[in-house]
Structure formats: structure tokens, C-alpha cells
Amino acid sequence: MKRMIAIPSVCLLTMVALLGCQEDDGEYGSGSNKIMLTSFANSYDSNANASAIARIDEAYRTGARNIKTTNIINSYSNQSLNDLDRKVLADNFEGRLENKDIEVDGRTVKRPIYEKNSNNKLEYKTTYQTLNLSGVRANSYSAGTNTNVSAGMTSDSRGILTDLNNYPEIPTSIAFPEGSVCYIPVVTSERSFLAFNDKNKTGYASLDNWIDAARQRFSDDRDHRTSQFAVGVGNEHKAAQVMFFEYDDEPAYEYSGLEYAKNIYEANYVAKGNTDPNTDSQRGLVNCTLVNEVAGDFLEAQIERYY
């Protein structure tokens, strides 16, 4: 599965008047034991022969996780939504990331990874930092140019990328209302791992075939590298990662694949330790496409009006 690396940040973004990261005491749609994360997704509606847009509300409460899909434009295909439990493979480890025994404390969501045939578990949590979106417009983002990490260059993109940028029919004069907040995930994991389930199964005959296809996913001239390694109990399963570096105003992407039970899967990769997403739009890009209910209601209304 593709992972946007965000070098130097976790996505793309910019803003003229950054209002900064703030603490969230529950007034932005989260409470001491629950948090709601809203995003928007596109698909194709074959019956309408046109694009479809949906609002995705992901709710974490102590003990459970729920996903609600609301069609905004045509009928969104939810095949890409992945709410199933996931297998987890790491160095000499196999386990399961389940949608149960979840702990929510403010903006921190803990989800244990249980080792196979054992009561042992790994610690895995996400803390959602907040950034105030009030007054942010589409022109709060400025795409960078001429970025090439492998050549030692850094991105000159700046600001805050929101769904106002992803839905360009919305006028650039429109700004988020007061109370709008985006959530920036900071992931902490006890160890590096790959996570996947049946929805991630591919039709490739071998991992080498998957690697060859993954290397062809970009038609531009960006540099890439491939690494191969082993995971699972006894490290009996082959895995690979294909990394594409930043190019022009595009961020870095990473694809991970593995062989398991004679099938080839694309997987989510989670690194050991803490991620360090950028939260300062003056320093680089900030990904603000995961928002609270206020911002979600605003975006839904604008999409309905202009699409």
C-alpha cells in the first residue's frame, strides 16, 4: 500500500496567516474517551458514469472503532474502505491489529497488537495534534518546485494543504469558519511492522512481479529505490518496499508488499518509534485533510454547492 512519506513533512500545505497548533480540550468534536476524524474521498459511480464524492467519519471510542460513509455526489464505492482486522508481520513476529480493546484518552488512540498464539502485545498508538483552520483558504497552500531528495535538494513548498485544494471548483475566496480544526497524526510504535488483510490481496503471481509493477507507478523522472527483507515468525515471509523520492510539487511515496500464504499483498508500513510530521507551515508543508466536525460540515456544504 502507498505511504506518503512527507519529506520534509507528512504531506503538502501552506498558509498566509498560520494560527498555529493548539491543545484540544474537547471543544473540537472530541472528548476524554472519544474522537471523530472526518475526511473526504473520491471514487467512480458506474451507474452515473461520473465521479462520486463521499464524507468519511471515523469514530474512535474506548473499546471500538466505527466508520460512517455519507454520499455527497453520486454513489461512492466503499470497496477501498478498510475496516477489517489486520495481520501484522515484523522481524520474527506475527500478530493481529484488531478493532477492539481500543483506548481513547483525549486525542490519543491506543490499539494493541496481539502476538499470534500468545497473550503478549505490542504498543501502538496515535496522538492527533491539532491545528486551527479558521480563516484558511485554498491559497494558503503554495506548491513547491524542483524538489529532488536524492540530489540533496529540499522542498520549497509551504503552507497548509486542505480539501479546498483537492476540490478546486470551490472558489479560493472561501475560508474555513471559526472552530475548524485539522488533526495531524503522530504515530508511536514499539517496533516496525507491516499490516494487511484480505482487502489488500493483489493478483500478482510473485513478489518480484509486484516489485516490477510498483517501480512503474510513476511516469515522471523521479528517483526511486527498492529494499527487500524478511518478516514473520522465523522470518519466513518475503517483503519489499519501493520508495519514490520527492519530485517537483509531489511528496515522497512508499509502497510496501509481501508474500503470505502463497498470495501477494500490499501492506501499510509503520516505522518503529515516533513519526515527526510537520506542523509549521512556515517550515514546510502541513497535511490538513483530516478534520473535525465543524470543518467537515463546512467542506460538505461547499462540495454540495460547487460539484
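Residues numbered from 1 in each chain as written. Predicted model: local features only at pLDDT ≥ 70, side-chain atom pairs only at ≥ 80, totals over all residues. Heavy atoms only, no water.

Observations regarding the packing of aromatic side chains
Applied cut-off: A pair of aromatic rings is counted whenever rings of Phe, Tyr or Trp (Trp by its six-membered ring) have centres within 6.5 Å, and the orientation is called stacked for planes under 30 degrees apart, edge-to-face for over 60 and tilted otherwise. Helical segments are the DSSP runs of H or I of at least four residues, strand segments are the runs of E of at least two, and each set is numbered from the N terminus. A simple rule labels every residue: compare its accessible area, found with a 1.4 Å probe on the protein chains alone, to the largest value its type can have, and call it buried under 20%, exposed over 50%, or partly exposed in between.
Counting across every chain of the model gives ten aromatic pairs. Where Phe196 meets Tyr265, the ring centres are 4.8 Å apart and the plane angle is 45°; that geometry is what we call tilted. Taken together, the residues span a long stretch of sequence, with Phe196 in strand β17 (residues 193-196) and Tyr265 in strand β21 (residues 263-270) at a distance of 69 residues. Look at Tyr265 and you get buried, because its relative accessible area is 5%. Pairing Phe218 with Phe244 gives two aromatic rings, centres 4.7 Å apart and planes at 55°, and the pair type is tilted. In this pair, Phe218 sits in the loop between α2 (207-214) and β18 (224-231) while Phe244 sits in strand β19 (residues 237-244), placing the two residues 26 residues apart along the sequence. A relative accessible area of 1% means that Phe244 is categorised as buried.

Re the state of the cysteines
For clarity, the cut-off: When the sulfur atoms of two cysteines come within 2.5 Å, that pair is taken as a disulfide.
For the coordinates displayed, the defined rule picks out one disulfide. The disulfide that involves Cys182 links it to Cys288, with 2.1 Å between the sulfurs. Of this pair, Cys182 sits in strand β16 (residues 181-189) while Cys288 sits in the loop between β23 (285-287) and α3 (293-306), placing them 106 residues apart in sequence. One exposure class covers both Cys182 and Cys288, and it is buried.

A look at α2
Keep this limit in mind: Summarising the geometry, the arc corresponds to the directions from the helix axis toward the C-beta atoms. In this analysis, two residues are considered to be in contact whenever any of their non-hydrogen atoms come within 4.5 Å of each other.
Here α2 has its buried residues at Leu207, Trp210, Ile211 and Ala214. Projected down its long axis, α2 shows its buried positions confined to an angular sector of 100°, all on one face. In the core, the buried residues of α2 are packed alongside β18, β19, β20 (253-260) and β21.

Here we look at the nonpolar core
The nonpolar side chains of a soluble globular protein tend to be buried, and buried together. To keep it simple, the criterion reads: Nine residue types can take part in a nonpolar core, namely buried Ala, Val, Leu, Ile, Met, Phe, Trp, Tyr and Cys, and a core is a set of them joined through side-chain atoms within 4.5 Å.
Grouped together as the largest cluster of nonpolar side chains are 23 residues, with contacts concentrated most on Leu131, Leu133, Phe176 and Ile303. Mapped by element, the contributors of at least two residues to this core are β6 (64-73), β16 and α3. Examining the composition of this core, we find that four residues originate from one element, α3, more than from any other. Not counting residues up to four positions away in its chain, the partners in contact with Phe176 are Leu133, Ser134, Gly135, Val136, Thr162, Leu164, Ala295, Phe298 and Leu299.

Let's talk about the confidence of the model for the chain
Applied cut-off: The quantity called pLDDT is the predictor's confidence in a given residue, expressed from 0 to 100.
Chain-level pLDDT for the chain is 84 on average; 81% of the residues reach the 70-or-more range. For the chain, per-element mean pLDDT is lowest for strand β2 (residues 21-22), which scores 35, and highest for α3, which scores 98. Throughout residues 2-29 the model reports pLDDT below 50, and contacts reaching past four residues in sequence, or to other chains, amount to 107 contacts. Below pLDDT 50 for its whole length, residues 145-155 participates in 22 contacts with residues either more than four positions away or in separate chains.

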